[in-house]
Amino acid sequence: THVHGNPIPNPTVLLIDADKKILDVGKAIPQRLGHEVITAVSGEEALEQFTRHRESIGCVVLDLTMPGMDGKTTFRHLRGLSPELPVIIASGLSADQVSDQFNGMPPTSVIQKPYQVADLSAKIQSILNGP
């Protein structure tokens, strides 16, 4: 698998959501595709996990609305650490509404919450395995 020219043999997915139930459901999706999953319940924890595992992380699924450090701030920090990092923003808002909040630095993709298994699978696969 090549993510932006960096060969990561079996990329890990970093799944970030304040809701533990969503993490439980969400992490089963990349696992079914054969990817390791690291979860984080906050922006702070996400940055910690990313820093620790950045060599193996090929894709991030990030909830937009979280208490504490919100998704937008977390996104900026992650992209600051790794400008090419593929990030899927998960939100109850539409893709257009989300994109409007990220002027100039758009996320790789947007998925509407609650996400459907097939949608998230397709997005993760297209990012990690190419179209």
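The structure presented is a predicted model; accordingly, all values stated were derived computationally and were not measured.

(A) Summary view of the nonpolar core. With 21 residues, the main nonpolar core has Ile16, Val60, Leu62 and Ile89 as its most contacted residues. Those elements that provide at least two residues to this core are strand 3 (12–16), strand 4 (37–40), helix 2 (43–53), strand 5 (57–63), helix 3 (71–81) and strand 6 (87–91). One finds Val13, Leu23, Val37 and Tyr115 within the second-largest nonpolar core, a separate group that totals 15 residues.

(B) Layout of the sheet that holds strand 3. Across the sheet, which stays open at both edges, the five strands sit in the order 4-3-5-6-7 with parallel pairing between neighbours. Sheet topology places strand 4 and strand 7 (109–112) at the edges, where each strand pairs with a single neighbour. Sheet twist, expressed as the average angle between the axes of neighbouring strands with direction ignored, equals 20°. Relative to strand 5, strand 3 runs parallel, the two sharing five bridges. Bridge pairing in strand 5 places Leu14 opposite Val60. In this fold helix 1 (residues 20–32) packs onto strand 3 and strand 4, with an angle of close to 160° to the strand it touches most, strand 4. Running over the sheet, helix 3 touches strand 3, strand 5 and strand 6 and is turned about 160° from strand 5.

(C) Quick look at the environment of Ala118. Tracing the sequence through the fold places Ala118 in helix 5 (residues 117–129). The exposure class of Ala118 is exposed, given its relative accessible area of 57%.

(D) Quick peek at the pairing of strand 7. Sheet topology places strand 6 next to strand 7; four bridges connect them, and they run parallel. For Ser91, the partnering residue across the bridge sits in strand 7 and is Gln112. Since strand 6 and strand 7 lie parallel, the crossover through helix 4 (residues 95–101) that links them has a hand, and here it is right-handed.

(E) Geometry of the packing of aromatic side chains. Here the structure, examined in full by the defined rule, presents one aromatic pair. Considering the side-chain rings of Phe75 and Phe102, the 4.9 Å spacing of their centres and the 80° angle between planes classify their relative orientation as edge-to-face. With a gap of 27 residues between them, Phe75 in helix 3 and Phe102 in the loop between helix 4 and strand 7 connect regions that are remote in the sequence. Take Phe75: its relative accessible area is 0%, and that puts it in the buried class.

(F) Summary view of helix 2. All buried positions along helix 2 are accounted for by Gly43, Ala46, Leu47, Gln49 and Phe50. Taken down its axis, helix 2 places every buried residue within 165° of arc, on the same side. Considering only its buried residues, helix 2 is in contact with strand 3, strand 4, strand 5 and helix 3.

Thresholds, definitions, all that
Residues numbered from 1 in each chain as written. Predicted model: local features only at pLDDT ≥ 70, side-chain atom pairs only at ≥ 80, totals over all residues. Heavy atoms only, no water. Core = buried A, V, L, I, M, F, W, Y, C linked by side-chain atoms within 4.5 Å. Buried < 20%, exposed > 50% of the residue type's maximum accessible area, 1.4 Å probe, protein only. Helix = DSSP H or I, 4+ residues; strand = E, 2+ residues; numbered from the N terminus. Pairing = 2+ DSSP bridges. Axes fitted to C-alpha atoms, helices over the stretch in contact; angles between N-to-C directions. Contact = heavy atoms within 4.5 Å. Right-handed = clockwise from strand over helix to strand, strands pointing away. Phe/Tyr/Trp six-rings, centres within 6.5 Å; stacked < 30°, edge-to-face > 60°. Arc of directions from axis to C-beta.

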